[in-house]
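Reading the structure
For reference, the chains in residue letters:
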Amino acid sequence: GRDLRFENHEWHAHGLCSGSASAEDFFTQVCDLSDAPLRVIAGARAADMDLVDTADALQRAGLCVWTYDSSNQQVELSACAGHDGHW
């Protein structure tokens with residue numbers, strides 16, 4: 001069978017309190033939210049940008065960079081759900 005540990009963690013750590021109607025709704029919204037940042041990140045990689053420049057490119061694209069972690073090469077973006085459960 002499929003190993004669903006990551007999905008279960010994300011749902012229990014983030015999805016249950018997100019205001020989403022269900023796990024499927026939560027993950028659909030997460031995937032929809034990731035489209036724009038992934039396009040920016042792909043462009044940054046193609047331009048051989050480092051992590052800081054990539055975070056700057058995300059900010060310029062109108063995405064809210066919460067922080068970045070150089071040791072793990074991660075950029076964290078901020079997103080908040082409205083009262084209707086949608087981002």
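Residues numbered from 1 in each chain as written. Predicted model: local features only at pLDDT ≥ 70, side-chain atom pairs only at ≥ 80, totals over all residues. Heavy atoms only, no water.

As for the packing of helix α2 (residues 23-46) against helix α3 (residues 51-60)
Think of two packed helices as two axes; the pair is described by the angle between the axes and how far apart they sit. Between α2 and α3, whose axes approach to 10 Å, the crossing angle comes to 140°. As the angle between them shows, α2 and α3 are arranged oblique. Taken as a pair, α2 and α3 cross one another with a handedness that is right-handed. Contact residues: α2 offers Pro37, Val40, Ile41 and Ala44, while α3 offers Thr54, Ala57 and Leu58. Residues belonging to the contact of α2 with α3 are distributed by class as follows: 6 nonpolar, 1 polar and no charged. (Axes fitted to C-alpha atoms, helices over the stretch in contact; angles between N-to-C directions. Helix = DSSP H or I, 4+ residues; strand = E, 2+ residues; numbered from the N terminus. Parallel < 35°, antiparallel > 145°, perpendicular 65-115°, else oblique. Left-handed = near helix turned anticlockwise from the far one by under 90°. Contact = heavy atoms within 4.5 Å. Nonpolar A, V, L, I, M, F, W, Y, C, P; charged D, E, K, R; others polar.)

Concerning the pattern of salt bridges
Here the structure, examined in full by the defined rule, presents 2 salt bridges. Between Arg2 and Glu7 there is a salt bridge, and its shortest N-O distance comes to 3.1 Å. Looking at Glu7, the relative accessible area reads 26%, which means it is partly exposed. Put simply, Asp3 and Arg5 hold a salt bridge, and the shortest N to O gap is 2.5 Å. (Salt bridge = Lys/Arg side-chain N within 4 Å of Asp/Glu carboxyl O. Buried < 20%, exposed > 50% of the residue type's maximum accessible area, 1.4 Å probe, protein only.)

Remarks on the nonpolar core
If you look at the biggest cluster of nonpolar residues, it comprises 5 residues: Val40, Ala55, Ala57, Leu58 and Val65. In terms of residues, this core owes the most to one element, α3, which gives 3 residues. Residues within four places of Val65 in sequence aside, it is in contact with Ala55, Leu58, Gln59, Val75, Glu76 and Leu77. (Core = buried A, V, L, I, M, F, W, Y, C linked by side-chain atoms within 4.5 Å.)

Notes on α2
Here α2 spans 34 Å end to end across 24 residues, near enough to the 34 Å set by a 1.5 Å rise per residue. Its maximal kink placed at Asp35, α2 deviates by approximately 35°, while the proline Pro37 follows within four residues. Taken together, the buried positions of α2 are Asp25, Phe26, Gln29, Pro37, Val40 and Ala44. On the buried face of α2, the contacting elements are α1 (5-15), α3 and β2 (74-77). (Expected span 1.5 Å × (residues − 1). Bend = angle between axes of the 7 residues up to and from the residue.)

Details of the layout of surface pockets
Reported here for the largest pocket is a volume of approximately 1300 Å³. Elements that contribute at least two residues to the lining of the largest pocket include exactly α1, α2, α3 and β2. Ranked by residues supplied to the lining of the largest pocket, first place goes to α2 with 10 residues. A per-class count over the lining of the largest pocket returns 21 nonpolar, 7 polar and 4 charged. (1 Å grid on protein atoms, 1.4 Å probe; cavity = no way out; pocket = protein on both sides within 12 Å on 5 of 7 lines; lining within 4 Å. Points joined across faces, edges and corners; volume = space filled by probe spheres on them.)

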